Amino acid sequence: MRLIMLGAPGAGKGTHALLLSKEYNIPQISTGDILRSHIKNETDLGKEAKNYMDKGLLVPDELVVEIVKSRIQEDDCKEGFILDGFPRTIPQAQALDKALEELGIGLDNVVNIDVSDEVIIKRMAGRRVCPKCGASYHVEHKKPIKDDICDECESELILREDDKEETVRKRLQVYEEQTKPLIDYYEKRGILLTIEGTGSVEEIGKKIKDALEVSK
Ligand code: AP5
């Protein structure tokens, strides 16, 4: 199965990509996570990406396209993959189409998680992440066992730099302008599944799985 998770920042793409990745035993490919790991390792790409990410702006298409093109050719992607946070612009979607065509494979579905801006702003303020292993929590909806400590590696959890309210509002504006047109792009192909993303993670997860089953 080859899927794209689409939706505004904080809509729940990462949460559900991880659950689907375990369910279908295919990798979750998050461009945000890959870029953050470059920042952590202080690579040239990481240094360049940080300038954009801290401001809530998109990293230039050519940088992320190259990351995804090489990642989807790795061995663990043979049975499928879930793209989480990519594509985010029409040129990225076109580059993905071209890469998939060259590989002789296609997309099965695009899951679009639809959540209002106000719910998103509240969610982001409560998100805490592990700077070491990248695990993600929420102060109300997904608490770690020990307050502010990662369950996986026991590091102290932090608020992501770009989760401050002002930056979240900028990210939402960038989403409206540059990413939302992808809804129409994939709707025209007949592979878009739009899921109302307000409610518990379990409820939304069930709606996504049901929609994927029906579309088979
Ligand atoms: P990225 O890391 O991809 O961030 P994003 O798309 O803005 O998405 P988030 O990770 O913030 O949210 P999400 O939708 O995954 O929600 P989550 O499940 O975590 O990108 C960061 C930056 O990298 C970008 O701004 C850009 O600069 C750059 N970048 C990345 N990809 C790029 C690309 N392709 N092109 C160019 N630049 C790129 O949930 C959020 C919170 O809510 C969590 O705390 C979670 O626990 C909680 N939550 C989830 N679901 C629910 C629920 N149902 N109820 C209550 N709480 C919930």
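Higher on the page you've got the structure.
Predicted, not measured: the structure shown is a model, and the values here were computed from it.

Chemist: Sorry, what's going on with the overall build of the protein here?
Modeler: Within the protein, the regular secondary structure consists of nine helices and seven strands. The C-alpha radius of gyration of the protein comes to 17 Å, within 12% of the 17 Å expected for a compact globule of 216 residues. Dimensions of the protein along its principal axes, counting C-alpha atoms only, are 45 × 40 × 35 Å. In the protein, which comprises 216 residues, the proportion classed as buried is 45%. In the protein, once contacts between residues fewer than 6 apart in sequence are set aside, the share between residues at least 24 apart is 68%. If you sum the accessible surface of the protein, you get close to 11,700 Å²; carbon and sulfur atoms cover 48% of it. If the 33 positive side-chain charges of the protein are averaged to one point and the 42 negative ones to another, these points end up 1 Å apart.

Chemist: Any chance you could explain the sheet that holds strand β3 (residues 81-84) here in plain terms?
Modeler: Within a sheet, each strand pairs with its neighbour through backbone hydrogen bonds, oriented either parallel or antiparallel. Pairing is parallel across the open sheet formed by five strands, whose spatial order is β2-β3-β1-β4-β7. The sheet is open, and its two edges are formed by β2 (28-30) and β7 (192-196), each paired on a single side. Pairs of neighbouring strands in the sheet enclose a mean axial angle of 20 degrees, with direction left out of account. In this fold helix α2 (residues 31-40) packs onto β2 and β3, with an angle of close to 60 degrees to the strand it touches most, β2. Against the sheet, helix α9 (residues 201-215) engages β1 (2-7), β4 (109-114) and β7, with an angle of about 155 degrees to β7.

Chemist: Teacher, can you tell me more about the pattern of salt bridges here?
Modeler: When the charged atoms of two side chains with opposite charge come close together, those side chains can pair. Under the counting rule described, the total for this entry stands at 20 salt bridges. Between D75 and K78 there is a salt bridge whose closest N-O contact spans 2.9 Å. K78 matches D75 in its accessibility class, with the two residues each being exposed. Beyond isolated ion pairs, a larger network of salt bridges with shared partners links R127, R160, D162, D163 and R171.

Chemist: Help me understand the site of the ligand, please; the structure alone is not making it clear to me.
Modeler: Close contacts around the ligand come from 34 residues, with T15, L57, R88, R127 and R171 the closest. In this structure, an oxygen atom belonging to the ligand sits 2.8 Å away from a main-chain N or O atom of G14. Here an oxygen atom of the ligand sits 3.3 Å away from a polar atom, N or O, in the side chain of R160. Only α1 (13-24), α2, α6 (117-126), β6 (136-138) and α9 provide two or more residues apiece to the shell around the ligand. When residues in the shell around the ligand are grouped by element, the largest group, four residues, is from α2. Class assignment of the residues belonging to the shell around the ligand gives a composition of 14 nonpolar, twelve polar and eight charged.

Chemist: What is the right way to read the side chain of K13 from this model?
Modeler: With respect to the helices and strands, K13 occurs in helix α1. One buried charged residue, K13, remains without a salt bridge, the closest side chain of opposite sign being D84 at 5.4 Å. One polar contact links the side chain of K13 to the main-chain carbonyl oxygen of A8, over a distance of 3.0 Å. If we skip the residues at most four places from it in the chain, K13 touches M5, L6, G7, A8, D84, G85 and I113.

Chemist: When you look at the packing of α1 against α9 in this model, what are you seeing that I'm missing?
Modeler: Each pair of packed helices can be described by the angle between their axes along with the distance between the axes. Relative to each other, α1 and α9 sit at 55 degrees, their axes nearing to 11 Å. Relative to α9, α1 is oriented oblique. Handedness of the crossing formed by α1 with α9: right-handed. Taken together, the residues of α9 that come into contact with α1 (itself represented by T15, H16, L19, L20, E23 and Y24) are V201, I204, G205, I208, K209, L212 and E213. Tallied by class, residues from the contact of α1 with α9 come to seven nonpolar, three polar and three charged.

Chemist: How should I be thinking about the packing of aromatic side chains in this particular structure?
Modeler: Geometry of an aromatic ring pair is reported as the spacing of the ring centres plus the angle between the planes. Going through the model one piece at a time under the given rule, you end up with one aromatic pair. Relative to Y186, the ring of Y185 has its centre 5.0 Å away and its plane inclined at 85 degrees; by these criteria the two rings are edge-to-face. This pair shows no difference in class: Y185 is buried, exactly as Y186 is. Its guanidinium or amino end placed over the ring of Y137, K142 lies 5.6 Å from that ring's centre, counting from NZ or CZ.

What counts and what doesn't
Residues numbered from 1 in each chain as written. Predicted model: local features only at pLDDT ≥ 70, side-chain atom pairs only at ≥ 80, totals over all residues. Heavy atoms only, no water. Helix = DSSP H or I, 4+ residues; strand = E, 2+ residues; numbered from the N terminus. Rg over C-alpha atoms; globule rule 2.2 N^0.38 Å. Buried < 20%, exposed > 50% of the residue type's maximum accessible area, 1.4 Å probe, protein only. Contact = heavy atoms within 4.5 Å. Areas by Shrake-Rupley, 256 points an atom, 1.4 Å probe, with all protein chains shown as cover. Lys, Arg positive; Asp, Glu negative; His and termini not counted. Charge placed at Lys NZ, Arg CZ, Asp CG, Glu CD. Pairing = 2+ DSSP bridges. Axes fitted to C-alpha atoms, helices over the stretch in contact; angles between N-to-C directions. Salt bridge = Lys/Arg side-chain N within 4 Å of Asp/Glu carboxyl O. Near = heavy atom within 4 Å. Polar contact = N/O pair within 3.5 Å; in protein donor to acceptor, adjacent residues only side chain to side chain. Nonpolar A, V, L, I, M, F, W, Y, C, P; charged D, E, K, R; others polar. Parallel < 35°, antiparallel > 145°, perpendicular 65-115°, else oblique. Left-handed = near helix turned anticlockwise from the far one by under 90°. Phe/Tyr/Trp six-rings, centres within 6.5 Å; stacked < 30°, edge-to-face > 60°. Lys NZ or Arg CZ within 6 Å of the ring centre and 35° of its normal.

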